[in-house]
Amino acid sequence: MATAVALEASPTGSVTPGAGEVIIKVEGLTKTYTMGDVTVRALDGVSFEVRRGELLAIMGPSGSGKSTLMNVLGCLDQPGAGTYWLDGVETSTLDDDALAEVRNQKIGFVFQQFNLLARTSALEQVELPLLYAGVRDRQARALEALAAVGLADRARHRPTELSGGQQQRVAIARALVNNPALLLADEPTGALDTRTSEEIMAIFQRLNEEQGITVVFVTHEPDIARHTRRVIHLRDGQINQDAPVPEGERLTARPIQEAPAHEAAAARR
Ligand SMILES: Nc1ncnc2c1ncn2[C@@H]1O[C@H](COP(=O)(O)OP(=O)(O)OP(=O)(O)O)[C@@H](O)[C@H]1O
Ligand SMILES: [Mg+2]
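My aim in this report is to walk through the structure given alongside it, one point at a time. (Residues numbered from 1 in each chain as written. Chains lettered and ligands numbered in written order. Predicted model: local features only at pLDDT ≥ 70, side-chain atom pairs only at ≥ 80, totals over all residues.)

**What about unusual backbone geometry?**
We note that N115 has phi near 55°; this positive angle belongs to a residue other than glycine. Structurally, N115 can be placed in the loop between β6 (107-110) and α3 (122-132). Residue N115 is classed as exposed on the basis of its 12 C-beta neighbours within 10 Å. One non-glycine residue, E187, lies in the positive phi region at around 50°. In this structure E187 comes out as buried when scored by C-beta crowding, with 21 C-beta atoms within 10 Å. (Helix = DSSP H or I, 4+ residues; strand = E, 2+ residues; numbered from the N terminus. Buried ≥ 20, exposed ≤ 12 C-beta atoms within 10 Å, placed from the backbone.)

What follows is the structure, encoded as structure tokens:
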């Protein structure tokens with residue numbers, strides 16, 4: 001079975017069914033946290049749309065509400081008020097089980113700190129979402145997902161036996177293995193050096209261009225945001241800018257360049 005994580009280049013460019021349809025629509029999202037006497041408006045009336053096939057970055061100062069927004073978009077948290085339609089479904093109408101199912105089927109989520117299980121091989125980490133979804137043939141699909149992020153030869157490695165960039169690629173493979181329509185990432189390169197961040201951007205760009213996966217990620221770094229086509233800026237829980245990245249400023253990431261096996265082995269010694 002062909003899965004969305006098989007990343008063969010398409011000579012004719014990408015033709016994605018449903019491209020351009022609205023996949024995310026939020027209107028008037030709010031989220032308020034009260035700590036003692038202090039009330040924080042983490043989200044203060046956020047409205048925007050994302051179309052299928054978009055690649056966009058969310059930026060903003062620390063505390064501006066980026067993670068709060070991503071958690072709502074990822075169905076990990078409900079907003080205080082406002083409406084979130086994911087692929088046309090109003091998420092507030094779903095109970096916890098239905099929300100978990102939507103999350104499993106439609107969304108891949110990547111975290112800054114990778115969130116991998118310490119004692120589990122890359123292959124087993126990537127198989128987990130398939131296990132939850134009751135999919136058979138898990139190992140073949142997990143291997144395919146690892147191959148798509150350039151890690152076919154690291155399937156048996158545990159997180160401590162992988163570099164930071166490789167760990168994040170395992171996390172991306174895990175996020176992709178269920179063929180989600182939407183990939184959300186909260187500072188996916190925040191814990192990585194520049195070169196490794198570039199590798200992660202190369203993966204996001206390929207997934208977006210070749211598979212038509214909609215990608216939304218948070219970053220603090222303008223140079224990372226320039227790998228997208230649109231940047232939303234948050235400040236104090238509100239959108240203060242939502243603008244395309246001008247064509248001439250867009251960056252294309254260099255693809256993954258795995259160190260030759262003997263070098264990688266030497267590096268681990
Ligand atoms: N669980 C919580 N309880 C109380 N306040 C919270 C909670 N989560 C977030 N906040 C507050 O909400 C605001 C927005 O937080 P959020 O984590 O969304 O910011 P952010 O833009 O992701 O920041 P950073 O760039 O530092 O990750 C902050 O003022 C934060 O202190
Ligand atoms: Mg954050």
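**Description of the site of ligand 1**
Taken together, Y33, M35, V40, A42, G60, S62, G63, S64, G65, K66, S67 and T68 are the residues near ligand 1. Counting only elements with at least two residues in the shell around ligand 1, the list comes to β1 (22-35), β2 (38-51) and α1 (66-73). Considering only residue class, the shell around ligand 1 consists of four nonpolar, seven polar and one charged. (Near = placed C-beta within 6 Å. Nonpolar A, V, L, I, M, F, W, Y, C, P; charged D, E, K, R; others polar.)

**Brief notes about the packing of helix α5 (residues 164-176) against helix α6 (residues 194-211)**
Remark: α5 packs on α6, axes separated minimally by 9 Å, with the N-to-C direction vectors making an angle of 20°. Between α5 and α6, the crossing angle belongs to the class labelled roughly parallel. By crossing handedness, the relation of α5 to α6 is classed as right-handed. Each of G164, G165, Q168, R169 and I172 in α5 lies in contact with α6, whose residues at this interface are T196, E199, I200 and I203. (Axes fitted to C-alpha atoms, helices over the stretch in contact; angles between N-to-C directions. Parallel < 35°, antiparallel > 145°, perpendicular 65-115°, else oblique. Left-handed = near helix turned anticlockwise from the far one by under 90°. Contact = placed C-beta atoms within 7 Å.)

These results come straight from atomic positions and should not be treated as a statement about function.
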